[in-house]
Amino acid sequence: MAGVSYSDKQDEYEELPSDKPAYILAVDVGTTSMRSYIYDREAHIVGQYFKKVHLNYPQPGHVEMDPKVLWKDFCELMKGAIRDAGISSSQVTCMGLTSQRNTFICWDRETGKPFHNLITWQDLRASEYVQSWNNSITLKGFHGGSKFLHFFTRQRRFFSASILKFTIQQVTMRLLWMLDHDINLRRRSAEGQVMFGTMDTWLLWKMTGGEIHVTDASFASGTGMFDPFIMDWSSILCNLVGIPMSILPPVKDTSGFFCNIAPEILGASIPITAVVGDQQAAMFGQCCFEVGDVKCTMGSGTFLDLNTGDKPHTSIAGLYPLVGWKIGPEVVYLAEGSANDTATVIDWAKKMGLYEDVKETSDIAESVEDSGGVYFVAAFDGLQAPINDETACTSIFGINPKTRKPHILRAILESVAFRFKLLYEAALMETNLKLSYIRADGGVCNNDFILQLIADLISQPVDRPQNVDMSSLGAAFLAGLATKVWKNKEELKRVRKTGTCFEPRENWDKYRPTIQQWERAIKRSMHWYKFADPIEKENRMKRPLETMNTMTGFGD
């Protein structure tokens, strides 16, 4: 049931002859769409298939996925890519799986029946739990004890615990909410008959006909229940909030043998040799293997991931310590910061009539010299690191009689670049690392105006690859390493292909006063919902039903 680890299987794969074809299936289940690709050994896409993610909104703030629908779509996705490549399933060398993180489900160990739908990372049902726990005497006592231990031991693990805060995106509070609101789930968990899993765990369980219950370190580290300092589930934290550890899956290496797909699903028993969270997969696909390497993914949200080497980072600014990947004895950690509303605000601009075709947005923004004194703060989902104010509101400042649509659109696109600049500076200040040039991916990174502005503001080149879907490529790279399609990371660097490199221009003096005014706008947008009446709060809870998962045309 526990699966087979990387070390159990790594010697069984022999290096593939260079003249023998290799086909790697990579599947990426994103927030708004799911994609599957067949890659060859030169990382060329020889087959692909896409489907929209189907989401359910049973109540305001609740965002779910039907597990039956997901499984049906997932199977169609794998078959579609293989069919498009013109190969048989028996020709697929291996498979890598990546998906959105912190979407979870619980099911019965004996019957295999889910207790509930998949609860997605956008779900807000546990918002009051987050607020209550973060303000609780229990957590304050936990902080105090951790500070005491850190004072005497100087261990970073205890310092990290002393500033711990729960967030709604993590699994912890949403899982606790489900346990508190489903009597049968709580009862069966007490009997040791509940299996918990993020999306990867559930899909692996389905692909093997219920044979394995596992996850990898990259997925586990994002849940809020995993201790990256000891590379295991945190018994202290789980006991603190009342989550039974018996429901948690064993944690495996990111790259290595997990299982074979049951042959009746695809017609052949394909080995799954990589499981990795989507942002970590994108980091690996971008070949950010060295300390100080930075990846920027712009899709549904903006994610900055920084390679911090073999030590997890402890952050005051809100950068989250993650396991990037674990391959045998090698563990690489990342520091991650995010801004949640990137695609949402660009899609909102279209609904407001600011543009018709998303491909025109760069030209429209360039059609005016500046934003005309207009400043935009995107905070439909609050403001994340390093501002960390969930009560902030979206706002526009500086509109005047001369303001036209291009000014507002330019201000919106500028705000996306400004938010990344804040994340970058927080990472630079906190880690004291020498940060390298930026590698960008995700659908919104197809916008030349945004990437050029980022390069100008941080005085670093921004490298956009030919294929901006780096999550699937990273999963393929990790799977191919395990099966020796590629011998080492140097080969991966060779096959990753740069598309466009945006070199920084001398633009800082022009933008300094703009950014200073934008930072004033942020301060005026903060704490808006802190004293809001119940109707305003209810309207905010309804937002995911209307705007959170709409497509922008850029992709995820």
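Residues numbered from 1 in each chain as written. Predicted model: local features only at pLDDT ≥ 70, side-chain atom pairs only at ≥ 80, totals over all residues. Heavy atoms only, no water.

What to know about the overall build of the protein chain
To keep things clear, this is the line we draw: Only DSSP runs of H or I covering at least 4 residues are called helices, and only runs of E covering at least 2 are called strands; the numbering of each starts at the N terminus. The globule rule used for comparison is 2.2 Å times the number of residues to the exponent 0.38, while the radius of gyration itself is calculated over C-alpha atoms. A 1.4 Å probe rolled over the protein chains alone gives each residue an accessible area, and that area as a share of the maximum for its type sets the label: buried under 20%, exposed over 50%, partly exposed in between. Contacts between residues were defined by any pair of non-hydrogen atoms, one from each residue, lying within 4.5 Å. Computed by Shrake-Rupley with a 1.4 Å probe, the accessible areas treat only the displayed protein chains as cover when residues are assessed.
Counting secondary structure elements, the protein chain contains 20 helices and 23 strands. Compactness check: the protein chain gives a C-alpha radius of gyration of 23 Å against a globular reference of 24 Å for 556 residues, within 12% of the reference. The principal-axis extent of the C-alpha atoms belonging to the protein chain is close to 65 × 60 × 50 Å. Among the 556 residues that make up the protein chain, the fraction classed as buried is 62%. Within the protein chain, contacts between residues separated by at least 24 positions form 74% of all contacts whose residues are at least 6 apart in sequence. Total accessible area on the protein chain is roughly 22300 Å²; 51% of this is exposed by carbon and sulfur atoms.

Details of the sheet that holds strand β14 (residues 271-277)
What links the strands of a sheet is backbone hydrogen bonding, and the strands pair in either a parallel or an antiparallel sense. Definition in use: Any two strands with at least two DSSP bridges between them are considered paired. Lines fitted to the C-alpha atoms define the axes, with helices restricted to the stretch that makes contact. Angles between their N-to-C directions range from 0 to 180 degrees.
What the 6 strands build is an open sheet, ordered β3-β2-β1-β5-β14-β13; its pairing is mixed. The open sheet is flanked by β3 (45-52) and β13 (255-260), the only strands paired with a single partner. Recorded for the sheet is a direction-independent mean angle of 25° between the axes of neighbouring strands. Lying over the sheet, helix α12 (residues 278-285) contacts β5 (94-99) and β14, oriented at roughly 105° with respect to β14. Where helix α17 (residues 470-482) meets the sheet, its contacts fall on β1 (24-29), β2 (33-39), β5, β13 and β14, and the angle it forms with β5 comes to roughly 140°.

What about empty space enclosed by the protein?
This is how the line gets drawn: Lining residues are defined by having an atom within 4 Å of a point belonging to a cavity or pocket. Those points lie on a 1 Å grid over the protein atoms alone, cavities being sets where a 1.4 Å probe fits but cannot get out and pockets being open sets with protein on both sides within 12 Å along at least five of seven lines. Grid points are joined across faces, edges and corners, and a volume is the space filled by probe spheres set on the points.
Per the counting criterion, the structure on display carries 4 cavities of 30 Å³ or more. As for the second largest cavity, its lining consists of Thr302, Ala339, Asn340, Asp341, Thr342, Ala378, Gly382, Leu383, Gln384, Ser415, Val416 and Arg419. With 3 residues, helix α15 (residues 405-431) is the single largest residue contributor to the lining of the second largest cavity.

Thoughts on the nonpolar core
As a rule of thumb, nonpolar side chains are buried together in soluble globular proteins. Here is the rule we go by: To form a nonpolar core, buried Ala, Val, Leu, Ile, Met, Phe, Trp, Tyr and Cys residues must be joined to one another through side-chain atoms within 4.5 Å.
If you look at the biggest cluster of nonpolar residues, it comprises 59 residues, and the most contacted ones within it are Met298, Leu304, Val345, Phe420, Ile438, Ile454 and Val462. Among the elements that line this core, the one with the most residues is α15, at 13 residues. Formed by 45 residues, the second largest nonpolar core is a distinct cluster that contains Ile38, Met78, Val214 and Ala262.

A closer look at a nonpolar patch on the surface
We count it as follows: Any residue with relative accessible area above 30% and no salt bridge may belong to a patch, with like charges joined within 9 Å and the nonpolar Val, Leu, Ile, Met, Phe, Trp and Tyr side chains within 5 Å. Any Lys or Arg side-chain nitrogen found within 4 Å of a carboxyl oxygen on Asp or Glu counts as a salt bridge.
Residues Phe148, Leu149, Phe151 and Phe152 make up a contiguous nonpolar surface patch of roughly 470 Å² in combined accessible area. Mapped onto the elements of the fold, Phe152 is located in helix α4 (residues 137-153).

Regarding the layout of surface pockets
This is how it is decided: The residue classification treats Ala, Val, Leu, Ile, Met, Phe, Trp, Tyr, Cys and Pro as nonpolar and Asp, Glu, Lys and Arg as charged. All others, Gly included, are polar.
Put simply, the second largest pocket is a space of about 190 Å³. Forming the walls of the second largest pocket are 13 residues, and the residues nearest its centre are Ala43, His44, Gln466, Asn467 and Lys497. For the lining of the second largest pocket, the class distribution of residues is 7 nonpolar, 3 polar and 3 charged.

Points about the pairing of β1
For β1, the tally of buried residues reaches 6 of 6 residues, placing the bulk of the element in the interior. Looking at chain direction, β1 and β5 are connected through 6 bridges and run parallel. Looking at the pairing, Val27 lines up with Leu97 of β5. Of the pairings in the sheet, the one linking β1 to β2 comprises 6 bridges and is antiparallel in character. Note on β2: the bridge partner recorded for Ile24 is Tyr39. Between β1 and β2, which pair antiparallel and follow one another directly, the connecting turn spans 3 residues.

A look at the sheet that holds strand β15 (residues 294-298)
The strand order across the open sheet built from 7 strands is β17-β18-β16-β15-β21-β22-β23, with neighbouring strands paired in mixed fashion. Because the sheet does not close on itself, it has two edges, and the strands there are β17 (320-327) and β23 (498-502). Adjacent strand axes in the sheet meet at a mean angle of 30° when their direction is disregarded. Pairing geometry for β15 and strand β21 (residues 438-441), over 4 bridges, is parallel. Its bridge partner being in β21, Val294 is matched across the sheet by Ile438. Sitting on the sheet, α12 is in contact with β15, β16 (302-309), β17, β18 (330-339) and β21, with an inclination near 60° to β17. Along the sheet face, helix α16 (residues 448-458) touches β15, β21, β22 (462-465) and β23 and points at about 150° away from the line of β22.

Details of helix α3 (residues 127-134)
Put simply, the rule is: By definition, the arc is the one covered by directions from the helix axis to the C-beta atoms.
The set of residues buried in α3 consists of Tyr129, Val130, Trp133 and Asn134. Down the axis, α3 shows its buried residues gathered within 120° of arc, on one side only. Against α4, α6 (171-181) and α10 (235-241) lie the buried residues of α3.

Details of unusual backbone geometry
In the segment running from Ala385 into Pro386, the intervening peptide bond is cis, with an omega of 0°. Structurally, Pro386 is set in the loop between β19 (375-377) and β20 (395-397). Its identity is not glycine, yet Met231 carries a phi of approximately 55°, on the positive side. With a relative accessible area of 22%, Met231 lands in the partly exposed category. One non-glycine residue, Asn388, lies in the positive phi region at around 60°. Residue placement: Asn388 occurs in the loop between β19 and β20.

Observations regarding the environment of Asn307
In plain terms, the rule: N or O atoms within 3.5 Å of each other form a polar contact, as long as, within protein, one can give a hydrogen and the other can take it, and as long as residues adjacent in sequence are counted only when both atoms are side-chain atoms.
Note that Asn307 resides in strand β16. Each C-alpha atom of the pair Asn307 and Val291 lies 5.0 Å from the other, and the pair is 16 residues apart in sequence. Not counting the four nearest positions on each side in its chain, Asn307 is found in contact with Met283, Cys288, Phe289, Glu290, Val291, Gly292, Asp293, Val332, Tyr333, Leu334 and Leu433. A polar atom in the side chain of Asn307 sits 2.8 Å from the backbone nitrogen of Gly309.

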